[in-house]
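# Notes for the structure review
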There are 2 protein chains.
Amino acid sequence: MSKNSDAVSQVNSTNLAQGTDKLLFHQIRQKGNKDIFADYIILLRTIPTKSTDKEEHKKKLEETCRKVIYSLEQAGLQAEVRRGSDKLIFIFVLCDLHRLKREVETSRINDWFAGVRVKDIQDDNEVENDEPLPDSERLRLVYEIITKPVQEKGAGINPGLGDFELVESILLLQDDEYNEEWIKTWSTKWIIEKEDLLRLRNHFGEKIAYYFAFLQYYCVWLIVPSIVGLFTWLTLSEYSIFYGVSIALWSIVFVEFWRRKEYELSVWWGVRNYSRVERCRPTFQEEYYIPDPITGENKPYFSPWRRWLRRAVAAPIIIMFSLTLSVTLLFYILLNVIMSDYYDGPFREELMYLPTVAYCALVPALNMFYTKIARRLNEYENYETESYYEFNLSQKIFISNFLIGNLSIFFIGWIYIPFNYEIGQYFGSFFEIFGLSVTIEPVGPERLMNELKYFVLTGQIMSLFMEIALPYLLRAGAVGVKKIQRTTTKDDARNEDESAFLKRIRKEAKLPVYDIFEDYAEIITQFGYVSLFSVIWPLTPIAALINNLVELRSDAIKLCVHTRRPIPHRADSIGPWLENLELLTWLSAITNPSLLYLYHPTSKAFSSASLIVMMALIFCTEHIFSIVRYIVRQMMSAIPSSADDYIKSQEYNAKKRLLEKRAPAIKRQISNQEKGGTWTWGNDLEESLRSAIHDYKTE
Amino acid sequence: MSKNSDAVSQVNSTNLAQGTDKLLFHQIRQKGNKDIFADYIILLRTIPTKSTDKEEHKKKLEETCRKVIYSLEQAGLQAEVRRGSDKLIFIFVLCDLHRLKREVETSRINDWFAGVRVKDIQDDNEVENDEPLPDSERLRLVYEIITKPVQEKGAGINPGLGDFELVESILLLQDDEYNEEWIKTWSTKWIIEKEDLLRLRNHFGEKIAYYFAFLQYYCVWLIVPSIVGLFTWLTLSEYSIFYGVSIALWSIVFVEFWRRKEYELSVWWGVRNYSRVERCRPTFQEEYYIPDPITGENKPYFSPWRRWLRRAVAAPIIIMFSLTLSVTLLFYILLNVIMSDYYDGPFREELMYLPTVAYCALVPALNMFYTKIARRLNEYENYETESYYEFNLSQKIFISNFLIGNLSIFFIGWIYIPFNYEIGQYFGSFFEIFGLSVTIEPVGPERLMNELKYFVLTGQIMSLFMEIALPYLLRAGAVGVKKIQRTTTKDDARNEDESAFLKRIRKEAKLPVYDIFEDYAEIITQFGYVSLFSVIWPLTPIAALINNLVELRSDAIKLCVHTRRPIPHRADSIGPWLENLELLTWLSAITNPSLLYLYHPTSKAFSSASLIVMMALIFCTEHIFSIVRYIVRQMMSAIPSSADDYIKSQEYNAKKRLLEKRAPAIKRQISNQEKGGTWTWGNDLEESLRSAIHDYKTE
């Protein structure tokens with residue numbers, strides 16, 4: 001690459017015509033059999049966001065465009081530009097073989113030294129002789145070249161930041177052939193095998209693959225409580241102690257087994273400890289630069305104490321908003337309860353919809369607001385890497401998810417039903433002020449079961465509809481609207497092929513970005529229903545199992561059809577969700593005994609609930625839970641893990657090779673030293689032996 | 001070494017006269033300035049344990065003797081034999097330079113690959129160019145050669161096992177010069193520095209050094225609660241909430257800081273993960289041999305499931321014995337209480353000693369029996385390595401230690417004082433049957449304080465006396481007895497020097513082996529008093545601090561004068577004691593709030609204790625404790641650890657070296673690939689740019 005200092009003249013140079021046909025990704029080209037192809041497409045907004053001067057904006061747009069192309073070229077990437085539509089300019093990015101090879105090489109060496117990559121790097125170190133390069137790794141590396149800073153030989157293009165304010169996003173095109181194959185395979189088999197997951201990982205990267213791996217693993221594990229639940233439902237009484245104990249144990253064991261599974265996957269996929277080589281987030285605000293204690297290079301630094309101070313500021317805000325949300329939710333729940341159970345006045349039929357209206361008006365808006373605040377606070381906490389950032393954001397947002405999904409069950413189970421009569425009387429006297437009559441009917445455990453059923457059944461079907469059917473409908477509507485508007489899209493394709501390609505890009509650019517958080521949150525909330533509440537309705541696990549079998553496929557469809565192809569990222573675990581799983585299992589040690597105590601047919605405690613007995617019960621079960629979990633962990637750590645064996649055997653091989661190389665040197669050394677001195681005791685050994693033992697004989 | 005198959009003729013060979021003067025440990029020789037020296041001395045019992053035939057025993061003794069010498073020689077060690085006393089034969093073991101070098105070399109390479117050793121091994125790999133060889137490492141390696149099995153090129157001599165039934169022990173002689181220096185240094189300074197600990201580690205090995213490091217660290221940390229305690233005692237009321245909260249927080253933070261300190265020490269001392277290279281215990285009973293998944297070599301295997309089954313068998317026995325011990329202790333405590341507080345009948349003066357007599361008759365015997373059972377069970381559980389074995393044994397024995405040290409305080413604080421009146425009435429009616437009168441006086445919190453004071457003050461002074469003064473007295477007594485018996489010791493020293501040397505060995509062979517468990521147990525129990533109960537008597541930390549300052553020196557004296565020199569072993573932590581510390585901090589989250597609730601001057605709850613308030617309190621504080629500990633851990637993980645930096649910088653250096661070596665190869669590769677193909681888009685970039693943006697201008 002020539003390195004002219006003038007940025008604009010650089011764009012004029014024809015060295016773009018260089019490059020190579022022997023691309024590592026030729027197979028993809030061959031598949032599509034098209035000459036037109038790009039690794040990534042950088043989308044530029046042509047319409048100004050603010051009402052700036054039009055001419056100025058155009059100038060800025062051209063500058064950005066040149067800057068992008070210059071940066072890409074400097075980073076060793078090839079670029080081409082096309083006007084895509086009225087609103088977007090497309091800049092195509094392609095990475096040729098030798099740039100990619102260099103990147104793969106560096107990345108693999110870095111991985112190896114950071115302990116991410118387990119497999120030893122061969123001495124002759126041809127990338128081809130090494131592992132094959134999966135699609136996901138290639139695309140991840142190209143994406144990294146585009147986004148990493150110029151000092152690290154990247155292009156430093158981060159959408160919306162700095163000079164690249166007008167860059168809207170970096171688009172990765174769907175691979176239709178792969179998608180078709182994928183959905184076809186998965187919809188025709190029950191069990192997703194290890195190879196299927198590997199193929200998925202090779203295409204979408206580890207982050208997406210982990211989600212499907214977890215969902216699949218959870219599905220398989222759900223079979224056990226499904227059977228136990230069905231058996232309980234058919235033969236045992238309600239609120240079975242047997243079932244409650246089983247489900248609590250199952251939760252503990254499941255979480256521990258997943259922890260191990262997750263670790264094994266991270267080793268097999270070569271992503272263990274990947275966060276050690278993670279780059280800083282582009283929006284990370286350093287306090288100052290300090291020399292790295294290891295490499296001596298200057299690196300951005302943000303004091304952990306300041307972060308903790310910021311977290312200390314953020315925590316009360318989060319707590320306050322959670323409380324606001326809780327109060328709103330309780331208001332809705334109470335309204336719901338009053339309307340369905342107590343209120344008997346005029347307009348009852350019409351007022352029945354009041355709670356739903358109140359819910360729709362308040363909760364989503366509040367939740368959205370909460371999410372915004374959480375995002376802002378998380379940005380403020382200034383995490384160094386993307387994985388830390390996401391971890392903390394997920395934890396913050398999961399709080400609201402948990403409240404929305406579970407608060408009403410907690411309220412009905414622990415307050416409303418046990419104190420039903422008192423609450424009824426209170427509302428009775430309240431309504432009497434307005435001269436309204438109230439019916440007080442005792443509410444039994446079936447009310448709790450209905451609530452749970454609503455969440456497990458209705459909730460899941462709803463969300464399935466929202467995920468799959470709704471986008472189709474919305475898009476059909478949008479197409480209808482477009483047709484009425486009769487707008488023509490102007491692009492500057494040079495030929496038929498290009499025109500079709502640009503059209504496809506326009507279509508995919510309209511799709512939303514895949515949000516993995518939503519999908520995880522759904523599954524984890526469901527796990528909560530199974531572990532926390534399924535003692536109320538033992539068919540919960542079966543319902544969850546059926547839902548997940550569908551979910552596994554519907555999420556695949558969503559990923560292929562309804563969203564942009566996600567940019568492959570690495571991950572070495574399901575991240576924050578493992579912590580949430582643990583938290584839920586711990587909560588299950590509290591909910592299960594107290595539900596059993598309150599509602600078990602023989603105890604009928606909710607009519608005469610003794611707080612002290614319940615507290616003692618919870619105190620005991622919580623400690624038993626801790627002990628059981630400790631034992632399960634200890635037992636599991638005693639079983640050798642195949643992943644650990646793999647790591648060790650790789651290390652052993654490296655050691656062996658090193659020893660073989662060094663063997664002659666060692667031998668030489670030893671022979672040098674084999675010149676004797678004199679043995680200090682200097683006696684005939686047999687003689688001493690005789691005097692020590694034989695003399696003893698003569699005694 | 002020649003390898004004649006005939007064991008006995010081997011002994012006759014004179015190749016022992018080979019060897020070398022240029023010993024790595026010549027400095028030790030020079031210090032003593034004596035020609036007579038040995039690394040280890042193997043002690044053989046000449047007196048038969050069972051009443052076997054005398055001639056037969058002699059034959060066996062000779063065989064063992066020859067076998068030992070043959071094995072040592074086969075392992076490349078030099079041996080010499082002397083009759084030491086009537087009861088013992090001494091076999092001196094010396095390891096010459098080249099054998100030692102080979103061992104150091106292998107050991108360091110193994111360590112490096114297992115991740116124990118952090119520092120990279122140099123290519124030119126002369127041991128001398130590498131780190132210096134500390135005394136402890138040399139002696140550890142020589143000990144390993146003596147004990148490791150013949151297949152691994154060791155001598156396979158394990159006292160009391162197999163062919164070596166008559167071997168009593170392997171003795172390591174004290175280094176008087178070092179000891180003198182050590183005690184002199186430590187007794188003249190207050191703070192033990194890092195260098196002092198390093199010197200200790202270089203002499204006694206990491207296991208001993210960890211104990212002193214922990215004791216020193218704990219001492220320094222005790223200053224904080226000492227000041228807070230003194231302040232509380234002087235200015236605040238009894239059972240101060242401020243003090244209770246401080247001490248609970250202090251415990252959490254201390255344990256977490258020690259965890260980090262311990263890790264850092266393990267990195268600096270090069271013993272992190274050392275258990276990965278640990279050898280099997282000689283008494284480990286394999287089920288069968290399986291090929292190692294990594295190396296393919298056959299290795300002994302014992303199914304973890306079977307071990308868990310055995311643990312499941314052992315657990316109830318341990319629990320049963322703990323209960324028995326508890327009941328016995330409670331019996332003693334009750335007796336004590338009756339005698340001191342209630343009993344008012346005849347012979348009161350004489351019967352006052354009854355509890356002490358009962359205690360002395362029952363508890364030590366029971367404890368000894370329990371220890372024996374625990375040892376037996378631990379052997380039955382069949383742990384693979386010494387560190388696992390010790391870990392589990394310590395945990396078992398600590399249970400009885402904890403009960404003996406704490407049960408009476410628990411009883412008096414939580415049962416006796418709150419239910420004082422009821423217990424008094426019960427005993428009153430009981431004694432009335434025998435026609436004895438009883439005085440019921442209300443017992444206040446001062447009774448609890450006295451109990452704690454007894455343990456903290458009297459207990460510690462007692463144990464100090466037992467550790468230091470008693471052995472002197474006992475030995476003085478023994479010498480007296482010996483003088484009366486007037487036995488002459490027969491040895492076969494060849495000259496004056498040897499005679500003095502043998503005399504010294506005889507003296508040291510009589511000393512007991514240093515038991516690190518006792519010392520740890522004492523300190524951890526004391527930590528228990530500070531964190532669990534010091535809210536009763538805020539001067540506890542000061543008393544502990546003073547005791548520990550003495551203990552730190554007195555343990556040094558004990559180690560130098562009253563025990564054999566311990567054989568250096570590795571350790572990468574204080575092992576099971578960290579777990580016990582954690583357990584105690586967790587318990588402190590229960591004891592502190594309940595003590596405050598029961599005895600705080602404003603609550604006076606012990607007259608009208610409300611169980612539910614106390615339970616709610618404990619429930620809350622326990623969860624707050626968990627959260628606080630979680631936060632502390634998170635905060636600490638955010639601070640970069642200098643040990644981690646050290647590890648990373650070593651890794652980085654290794655990486656750099658490798659990259660430098662490989663750089664030419666990479667360059668060659670790249671240049672090979674810098675032959676261009678054609679760039680598929682194949683257009684003039686400026687033109688496309690114009691049509692994409694400039695056309696937009698004309699719109």
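Sequence order as written defines residue numbering, which begins from 1 separately in each chain. Each chain gets a letter, beginning with A, and each ligand a number, beginning with 1, in the order they are written. In keeping with the model being predicted, local features are shown solely for residues with a pLDDT of at least 70 and side-chain atom pairs are shown and tallied solely at 80 or more, while totals for entire chains, interfaces and linings include all residues. Each side-chain value is derived from all of the structure's non-hydrogen atoms; neither hydrogens nor water enter the calculation.

In the annotation of an unreviewed UniProt entry, chain A is listed under the name DUF590-domain-containing protein and assigned to Rhizophagus irregularis. UniProt positions are given in the numbering used here, feature names are shortened, and annotations may be inferred rather than shown by experiment. One UniProt comment on chain A, placed under Subcellular location (unreviewed entry), says "Membrane".

## Notes on the confidence of the model for chain A
All names here are of chain A. Here chain A shows a mean pLDDT of 80. Residues at 70 or above account for 82%. Within chain A, the element-level pLDDT minimum falls on helix α1 (residues 7–12), averaging 34, and the maximum on helix α8 (residues 206–235), averaging 94. A score from 0 to 100, pLDDT tells how confident the predictor is in each residue. Contacts: residue pairs with any heavy atoms within 4.5 Å of one another. Scored below 50 in pLDDT, residues 1–35 shows 76 contacts in the model against residues more than four places distant or in partner chains. Taken as a whole, residues 668–683 scores under 50 in pLDDT and shows 44 contacts with residues more than four places along the chain or in a different chain. Per the convention used, a helix needs a DSSP run of H or I reaching at least four residues, while a strand needs a run of E reaching at least two, with both numbered from the N terminus.

## Here's the deal with the packing of aromatic side chains
In this description, an aromatic ring pair is defined by two values, namely the gap between the centres and the angle between the planes. Pairing of aromatic side chains requires ring centres within 6.5 Å, counting the rings of Phe and Tyr and the six-membered ring of Trp. Pairs whose planes differ by under 30 degrees are stacked, by over 60 edge-to-face, and all others tilted. Counted according to the given criterion, the structure contains 84 aromatic pairs over all chains. An angle of 45° between the planes, with centres 5.2 Å apart, marks the rings of W221 of chain B and F257 of chain B as tilted. With W221 of chain B in helix α8 (residues 206–235) and F257 of chain B in helix α9 (residues 241–268), this pair connects stretches of sequence that are 36 residues apart. Exposed residues in this analysis have more than 50% of their type's maximum accessible area, buried residues have under 20%, and partly exposed residues fall in between, with area computed by a 1.4 Å probe over protein chains only. By relative accessible area, which is 31% here, F257 of chain B ends up partly exposed. Distance and angle both matter: a charge sits over a ring if NZ of Lys or CZ of Arg is within 6 Å of the ring centre and within 35 degrees of the ring normal. Here the basic side chain of R310 of chain A rests over the ring of Y380 of chain A, its NZ or CZ set 4.6 Å away from the ring centre. Lying over the aromatic face of W308 of chain B, R311 of chain B brings its terminal NZ or CZ to 4.7 Å of the ring centre.

## Here we look at the pattern of salt bridges
Residues and elements named next belong to chain A. Salt-bridge detection follows one rule: a side-chain nitrogen of Lys or Arg within 4 Å of a carboxyl oxygen of Asp or Glu. Tallying each qualifying case throughout the model produces 70 salt bridges over all chains. The closest approach of N and O atoms between E103 and R99, which form a salt bridge, is 3.0 Å. In this pair, E103 and R99 both sit in helix α4 (residues 97–114), four residues apart, roughly one turn of the helix. R99 carries the same exposure label as E103, and that label is buried. Two residues, E256 and R259, come together in a salt bridge whose shortest N-O distance is 3.3 Å. Pair noted here: E256 and R259 are both in helix α9 (residues 241–268), with a separation of three residues, about one helical turn. Owing to a relative accessible area of 27%, R259 belongs among the partly exposed residues under this scheme. What you see here is one network of salt bridges that share partners, running through E256, R259, E582, R629 and R633.

## Points about the pairing of strand β1 (residues 40–45) of chain B
Residues and elements named next belong to chain B. Counting buried positions over the six residues of β1 gives five, a clear majority of the element. For β1 and strand β3 (residues 88–94), the ladder comprises six bridges, and the chain directions are antiparallel. Looking at the pairing, L44 lines up with I89 of β3. Two strands pair under a simple rule: DSSP has to find at least two bridges between them.

## Quick look at a negative patch on the surface
A patch consists of residues whose relative accessible area exceeds 30% and which take part in no salt bridge; residues with like charges are grouped when within 9 Å of each other, and nonpolar side chains (Val, Leu, Ile, Met, Phe, Trp, Tyr) when within 5 Å. For accessible areas, the Shrake-Rupley method is used with a probe of radius 1.4 Å. Any residue's cover is judged against the shown protein chains and nothing else. Just so you know, the count uses Lys and Arg for positive and Asp and Glu for negative, and it drops His and the chain ends. To locate a charge, the coordinates of NZ of Lys, CZ of Arg, CG of Asp or CD of Glu are taken. Together, D176, E177, E180 and E181 of chain A make up a negatively charged patch on the protein surface. E177 of chain A gets classed as partly exposed once you look at its relative accessible area, which sits at 44%.

## Re the sheet that holds strand β4 (residues 167–171) of chain B
Residues and elements named next belong to chain B. Read across the sheet, four strands follow the order β2-β3-β1-β4 without closing on themselves; strand pairing throughout is antiparallel. On the outer flanks of this sheet lie β2 (78–83) and β4, each paired with one strand and no other. For this sheet, the mean inter-axis angle between neighbouring strands, taken without regard to orientation, is 20°. Throughout, an axis means a line fitted to C-alpha atoms (over the contacting stretch in the case of helices), and angles, computed between N-to-C directions, take values from 0 to 180 degrees. Here helix α5 (residues 135–147) sits on the sheet in contact with β1, β3 and β4, set at roughly 40° to β1.

## As for the state of the cysteines
In this description, the term disulfide denotes a pair of cysteine sulfurs within 2.5 Å. Counted under the stated rule, the structure contains zero disulfides over all chains. Between C620 of chain A, a cysteine without a disulfide, and C620 of chain B, which holds the nearest cysteine sulfur, the sulfur-to-sulfur distance is 17 Å. Taking the relative accessible area as the measure of exposure, C620 of chain A reaches 44% and is therefore partly exposed.

## Here's the deal with the sheet that holds strand β1 (residues 40–45) of chain A
Residue and element names in this part refer to chain A. Reading across from one edge, β2-β3-β1-β4 is the order of the four strands in this open sheet, with antiparallel pairing throughout. In this open sheet, the two edge strands, each paired with only one partner strand, are β2 (78–83) and β4 (167–171). Taken over all neighbouring pairs, the strand axes of this sheet differ in orientation by 20° on average, direction set aside. With four bridges joining them, β1 and β4 adopt antiparallel strand pairing. By the bridge assignment for β4, I42 is matched with I170. Along the sheet, helix α5 (residues 135–147) contacts β1, β3 (88–94) and β4; its crossing angle with β1, the most-contacted strand, is approximately 40°.

## Things to note about a nonpolar patch on the surface
A surface patch of nonpolar side chains, amounting to about 530 Å² of accessible area, comprises W190, I191, V220, I223 and I227 of chain A. When its relative accessible area of 37% is taken as the criterion, V220 of chain A is described as partly exposed.

## Points about the packing of helix α10 (residues 304–342) of chain B against helix α14 (residues 420–433) of chain B
All names here are of chain B. Here α10 crosses α14 at 85°, and the two axes come no closer than 12 Å. Relative to α14, the element α10 lies roughly perpendicular. Residues L334, I338 and Y342 of α10 pack against N420, I423, G424, F427 and F431 of α14. Orientation categories follow fixed angle ranges, with anything under 35 degrees roughly parallel, anything over 145 roughly antiparallel, 65 to 115 roughly perpendicular, and all other angles oblique.

## A closer look at helix α17 (residues 516–533) of chain A
Two residues of an α-helix separated by three or four positions point the same way, owing to the 3.6 residues in each turn. Residue and element names in this part refer to chain A. Expected helix span is computed as 1.5 Å times (number of residues minus one). With 18 residues, α17 extends 25 Å from end C-alpha to end C-alpha; this agrees with the ideal 26 Å at 1.5 Å per step. The element α17 is extensively covered by neighbouring structure, given that 17 of its 18 residues are classed as buried. The term polar contact refers here to a pair of N or O atoms within 3.5 Å; inside protein, the definition further demands a hydrogen-donor-capable atom paired with an acceptor-capable atom, and it admits residues adjacent in sequence only when both atoms are side-chain atoms. Two or three places before F517, at the opening of α17, D515 has a side-chain oxygen 3.1 Å from that residue's backbone nitrogen.

## Concerning the environment of I461 of chain A
If you trace the backbone, I461 of chain A turns up in helix α15 (residues 445–485). Considering only alpha carbons, one finds I461 of chain A and I647 of chain A, 186 residues apart in sequence, at a separation of 43 Å.

## Observations concerning the side chain of E137 of chain B
Residues and elements named next belong to chain B. Secondary-structure assignment places E137 in helix α5. Residue class for E137 comes out buried when judged on its relative accessible area of 10%. One polar contact links E137 to R108, side chain to side chain, over a distance of 3.1 Å. The contact partners of E137, leaving out residues within four places of it in the chain, are V104, S107 and R108.

## Some remarks on helix α13 (residues 386–416) of chain A
If you check α13 of chain A, its first and last C-alpha atoms are 43 Å apart, about what 31 residues at 1.5 Å a residue would give, namely 45 Å. Considering bend angle alone, the principal kink of α13 of chain A is centred on N406 of chain A and spans about 45°. At every residue, the bend is computed as the angle between two fitted axes, covering the seven residues ending there and the seven beginning there respectively.

## Considerations on the packing of helix α12 (residues 354–381) of chain A against α13 of chain A
Two quantities define a packed helix pair, namely the angle between the axes and the distance from one axis to the other. Residues and elements named next belong to chain A. Two numbers describe how α12 lies on α13: the axes approach to 9 Å, and their chain directions differ by 160°. It follows from the interaxial angle that α12 and α13 lie roughly antiparallel. Here α12 runs over α13; the crossing is right-handed. Counted together, Y359, V363, N367, Y370, T371, A374, R375, N378, E379 and E381 of α12 and Y389, N392, L393, K396, I397, I399, S400 and I404 of α13 form the full contact between these two elements. Three categories are distinguished: nonpolar for Ala, Val, Leu, Ile, Met, Phe, Trp, Tyr, Cys and Pro, charged for Asp, Glu, Lys and Arg, and polar for the others, with Gly belonging to the last. Here the residues of the contact of α12 with α13 are counted per class, giving nine nonpolar, five polar and four charged. Left-handed describes a crossing whose near helix is turned anticlockwise from the far helix by less than a right angle; the clockwise case is right-handed.

## A look at the environment of E105 of chain B
Turning to its location among the elements, E105 of chain B is positioned in helix α4 (residues 97–114). Along the sequence, E105 of chain B and V550 of chain B sit 445 residues apart, while their C-alpha atoms lie 41 Å from each other.

## Let's talk about unusual backbone geometry
Excluding glycine, residues mostly carry a negative phi; peptide bonds, for their part, are mostly trans. All names here are of chain B. Even without being glycine, K153 reaches a positive phi, approximately 65°. Here K153 is to be found in the loop between α5 and β4. Backbone geometry at N382 places phi at a positive 60°, although glycine is not the residue there. Within the secondary structure, N382 is located in the loop between α12 (354–381) and α13 (386–416).

## Description of the side chain of S266 of chain A
All names here are of chain A. Relative to the elements of secondary structure, S266 occurs in helix α9. Here S266 falls in the buried class, since its relative accessible area comes to 2%. Excluding residues within four positions of it along the chain, S266 makes contact with Y210, V271, R272 and D572.

## Side note on the environment of G444 of chain B
With respect to the helices, strands and loops of the structure, G444 of chain B is situated in the loop between α14 and α15 (445–485). For the pair G444 of chain B and I417 of chain B, spaced 27 residues apart in the sequence, the C-alpha separation amounts to 6.5 Å.

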